[in-house]
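# Summary of structural features
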Amino acid sequence: MNRDVTRRALLGAIVGAGAGGTALSSAGDLLDSFAPPSGRAWRDTRGEVPGTVASPHGEATVTYDEYGVPHVEADTEPAAYFAVGYVQAADRLFEMDLVRRLMDGRLAAAVGERAVESDRFHAKMDFRGAAEASMEALSGTRTEALTEAFTDGVNAYMDAGPDPLEFALAGYDSREWEPLDSLLVGTQISWGLTGSFRALRREVLRERLSADDYRRLYGRPFEHGAPILREGTAGTVSGTGDRAASRSRRRVDPATAEWLSAHEPPPRWGSNHWAVGGEHTESGSPILAYDPHLSLMAPPVWYEQRITVADADVDVRGATFPGIPFVIVGENDHGAWGFTNVGADVVDHYTYETDGDQYRYRGEWREFDAETRTIEVAGGEDREVEVKKTVHGAFLDREIDGETHHVGVAWTGMSSTRESAAIYEFSKTTNVDEYREALRKMEVPTQNALYVDDEEVYYQVTGRIPIRRVDGEVVDGDRVFDGSAGEAEWSGFEPFGQSDWDAGGFVPFEDKPGVRDPDYVGTANQRVVDDPTYPIGQEYASGFRGLRIYERLDRRIESGDPVDTEFMRSLQNDTLDDRARRLVPAILDARDRVDDGADPWLDALADWDYRMERDSAAALFFDRFYEQFREATWGDDFEDLGLDDGWWPQEWTLVTLPADDPFFDGDRAGVIAEAAAAAVEEIDSEGWEVYGDRHRTEIDHPFGGQVSALNYPRYPTDGTAFTVFNVHDGAGAGSSWRQISPMDGPSLSVVPGGQSGSYFSEHYDDQLRMWADGEYKSMAFETPDDGRTVEFREGEE
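Residues numbered from 1 in each chain as written. Predicted model: local features only at pLDDT ≥ 70, side-chain atom pairs only at ≥ 80, totals over all residues. Heavy atoms only, no water.

## Describing the overall build of the protein
Looking only at helices and strands, the protein has 23 helices and 29 strands in total. Over its C-alpha atoms the protein spans a radius of gyration of 26 Å, differing by no more than 12% from the 28 Å that the globule rule assigns to 797 residues. Along the first, second and third principal axes, the C-alpha set of the protein runs to 75 × 70 × 60 Å. By residue count, 61% of the 797 residues in the protein fall in the buried class. Carbon and sulfur atoms make up 43% of the accessible area of the protein, which amounts to about 29400 Å² in all. If you average the places of the 77 positive and of the 152 negative side-chain charges in the protein, the two averages end up 2 Å apart. (Helix = DSSP H or I, 4+ residues; strand = E, 2+ residues; numbered from the N terminus. Rg over C-alpha atoms; globule rule 2.2 N^0.38 Å. Buried < 20%, exposed > 50% of the residue type's maximum accessible area, 1.4 Å probe, protein only. Areas by Shrake-Rupley, 256 points an atom, 1.4 Å probe, with all protein chains shown as cover. Lys, Arg positive; Asp, Glu negative; His and termini not counted. Charge placed at Lys NZ, Arg CZ, Asp CG, Glu CD.)

Following this line, the structure appears as C-alpha cells:
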C-alpha cells in the first residue's frame, strides 16, 4: 500500500479520536481541513514551511535538499538564525518541547502521573537554575543575541500554527519558546553525557564484595594496551605524568543508589571518532570519521543544517540537537570536528549531619537554601516539592522504607558555563589555534574533542574536571565525601552562580591530555592515557571498539596504502566483535561438554570471521550465547548480594576472567556448556536462523506504544554495542550520526531516520534504510538548484 495514503488515513483516525478516544474535531471540520492535499492543515501536519515568511531580523533564503536538510543563506547572522529557529520548529517542535519540559521538571503537566518522579528529581537538581546561571554568563555576548533571534524564529513558527500532531495526542498545547529553553536543551545534553551516581554504587559494591573481588571486577584498568594516547604517540602530547591518589570510605545505602540510578543517563552511551593526518592520506590532507552513539529514537536526536552568512564569512554544515541554534558537530570551509565522551568524573556526592531543616557545615549549622515548587500533573493531583541546596549544590532527599535518605550533589554543569559560545565559535574557526581558543569556553560536557583542518590533526580533552584534595593530597572522586567537614571541595565553584574556573579547583586546560599534529589518533570512550597528570575519570568503555580502530589504522598505515574516504567508510562499517574473537576459541574447546543440539551452531562458529552481520548464523548464536554466558556467570552471585544485572561488571572483565575464576565456580567450560544449551533453546523457540532475524532497527517514537505507526520500520542490520559499526541490542542506542569529512573533497553523513519529526513528511524516515545498511548521503556545501525554497522577508507579520 502507498505509505502516503496510509499516513493520511492514520491522521484522520488520530485527530478524529484523539489519544484518549475523545473526538478533537467534528467530521465536517476534518473534511474541510484535511481533504485538500494542498490545504494548510495538511501542510502543517507535514511540518512544511510556507513559501514566504516575515522576519524582523532581515532577509534569508532556505532551500531544502532532497533529504529535507535546510540550507540557510543570509547576509547577516540574526537573519540566518531567525530562519534556523523557524525551520527547526517546523521539523522538530514537539521534540524541542519535550526536552525543555523534562529538564525543567514540567513533564507531568503534559503527560500526567507517570512523569511525577522524573519531575521531582529534575526540580530538586534545579537544572533550570543551572541554565539561568549560564544565561547570565552569556549576557551581552553575540551568542545571546543570536539565541534570541533563533527564539524569535521558533515563536514565529508557533504563531503560524497549528501544533504538531503529538500535542493533540498528549492533549496539551505548546507554549512560547524562551532563550533559556535552548540552554535547558544544552543542559540535558551535558547531564546525559556526564551525569552519574556511579560513586554511590561503587561504595555499595566495595561494602558487599571482598576487597579482592572488588579489585578484580571493578578496580583495575582494562589491560587492552590501546588508550587514546598510546606509548609512542607522535606529535606534541600534553596532560600525562605520574600522580598519586588516596581513598577513604563512607557507607552508602543501596536503596539510595538504586533510587538515584533510575534518573541517571543510560550507561551504554559511547562514540567513535578517528582522524588521519595528510602524511598518510591519498590527497595529502587530513580526514576525519565520526559517529556519536546516543539513544536511537524517532525522530533522531540530531538535526542536520547548513548555515551560510555572507557578512560573517560563515559556511557551516553539520548536526545539532533540536532547540540549539548552532551546528554542534560538522565542518566549515576550513575544518571538521566531533566529540566523544571522556567518562570524566565531574560529579561529587556528599553526606551531611542534618536535622532536616538545617545541615552542619564546617562546625556551624546552616539553613538550606530552600524553596517550594509545584509539580503540575495533567489529569491528576498537583504535588509540592521542596527544592533544597547546600554550599556544594543540590540536596536530594527521599523517604525510603520509613527512613529519610539524602545525598548532596555537585556537578560542573550546575554553574555558569559557556558551551553555547564555544559551539557558536566553532562555526567560524579557520585553523587549530582558533578552534583551540573556542574549546577553552567549553566547560561542559567533558569530551574528547577531535579536529582536523587543511594542515593538521588536533585532539584534546575538554570540559572542567574538578581537582579534589583531602589533607592536601589529590584524590579520585570515586567515593562519597563528608559535606559537613567541607571535604574535597572544588575551589572557585559556585553552584547555580558564576564560578571562578581559574581559582585552582579544576584541571588547567594545558594539563588536560591532548596531542597536536599526530600521524593519526582514535577515540572510542576507552581510557585516555595510562598516566594522566590529574585524575580524569572512573568509567571508561571496555576498549573493544578502540582496539579494533587502532588495529585497522595501524595495519593500513604500516602497509603504506594511503587512507581515503573508502577506507574510512569500511572502518566505520566494521562489524568484527573482539569479544567473539577472544571467546569463540574457548567455546570450541569446550565442545565436548556441549549438548549435541548445538553442533550446527558450533560448526558455524568454527568457520566464522567474528563479524556480526545480519546474514550470519554464527553471529546469531554468539549473540544469544553471550547473553546467556553473562547470566550464568554473574546472575546467582549478584543475586546473593542483593544486586541485579545493573550492577554487573563491564564486558572486558567477563571476557578476560580466568577460566578457573570463582565466579565460574572454577569451571568456565561448564558455564559455557550451560550458556550454549540455553542459547540453542532460545533460538529454536523463536525460529531464528540468522542474526538479522532478531537484530533489527527497533527505533521507536515516544508515543509509539499508543500509536505504533509512529515507530520506524524494522530493518535487519549488523553490529553490536561493541563493534565499530555500532547498533546496540534492540537498537535502542548506537550510531546516532555518521560523518566522514576529508579536507580535500566531498563529505558524507547519515542519520538513523530522517530530518522531519512529522510522520506525514516524506523525510520522516527516508535515511533509515541507508543507515541500517551502512550507506551515506552527500554532505555537500552546494545549495541545490531544484530544492523547495522559502523566502524570509524583512518585516513583521
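## Looking at the confidence of the model for the protein
Taken as a whole, the protein shows an average pLDDT of 91; of its residues, 92% reach a score of 70 or greater. Confidence over residues 1–43 falls short of pLDDT 50; this stretch has 62 contacts with residues more than four positions distant or in other chains. (pLDDT = per-residue confidence, 0-100. Contact = heavy atoms within 4.5 Å.)

## Quick notes on the packing of aromatic side chains
Tallied over the full model, the rule gives 49 aromatic pairs. On the basis of an interplanar angle of 75° and a centroid distance of 5.3 Å, the ring pair of Tyr-712 and Tyr-764 is categorised as edge-to-face. Of this pair, Tyr-712 sits in the loop between helix H22 (668–686) and strand E25 (733–735) while Tyr-764 sits in the loop between strand E27 (748–750) and helix H23 (768–772), placing them 52 residues apart in sequence. By the ring-pair criterion, three or more aromatic residues cluster together here, those being Trp-601, Trp-608, Tyr-610, Phe-621, Phe-622, Phe-625, Tyr-626, Phe-629 and Phe-664. One residue, Arg-769, lies across the ring of Tyr-715, its end atom 3.8 Å from the ring centre. (Phe/Tyr/Trp six-rings, centres within 6.5 Å; stacked < 30°, edge-to-face > 60°. Lys NZ or Arg CZ within 6 Å of the ring centre and 35° of its normal.)

## Overview of the sheet that holds strand E14 (residues 369–375)
Read from one edge to the other, the open sheet built from six strands follows the order E14-E15-E16-E17-E11-E22, with strand pairing classed as mixed. Two strands close off the open sheet at either side, each with one partner strand: E14 and strand E22 (480–482). Going across the sheet, the axis of each strand differs from the next one's by a mean of 35°, ignoring polarity. Pairing geometry for strand E11 (residues 347–351) and strand E17 (residues 403–411), over four bridges, is antiparallel. Its bridge partner being in E17, Val-347 is matched across the sheet by Trp-411. (Pairing = 2+ DSSP bridges. Axes fitted to C-alpha atoms, helices over the stretch in contact; angles between N-to-C directions.)

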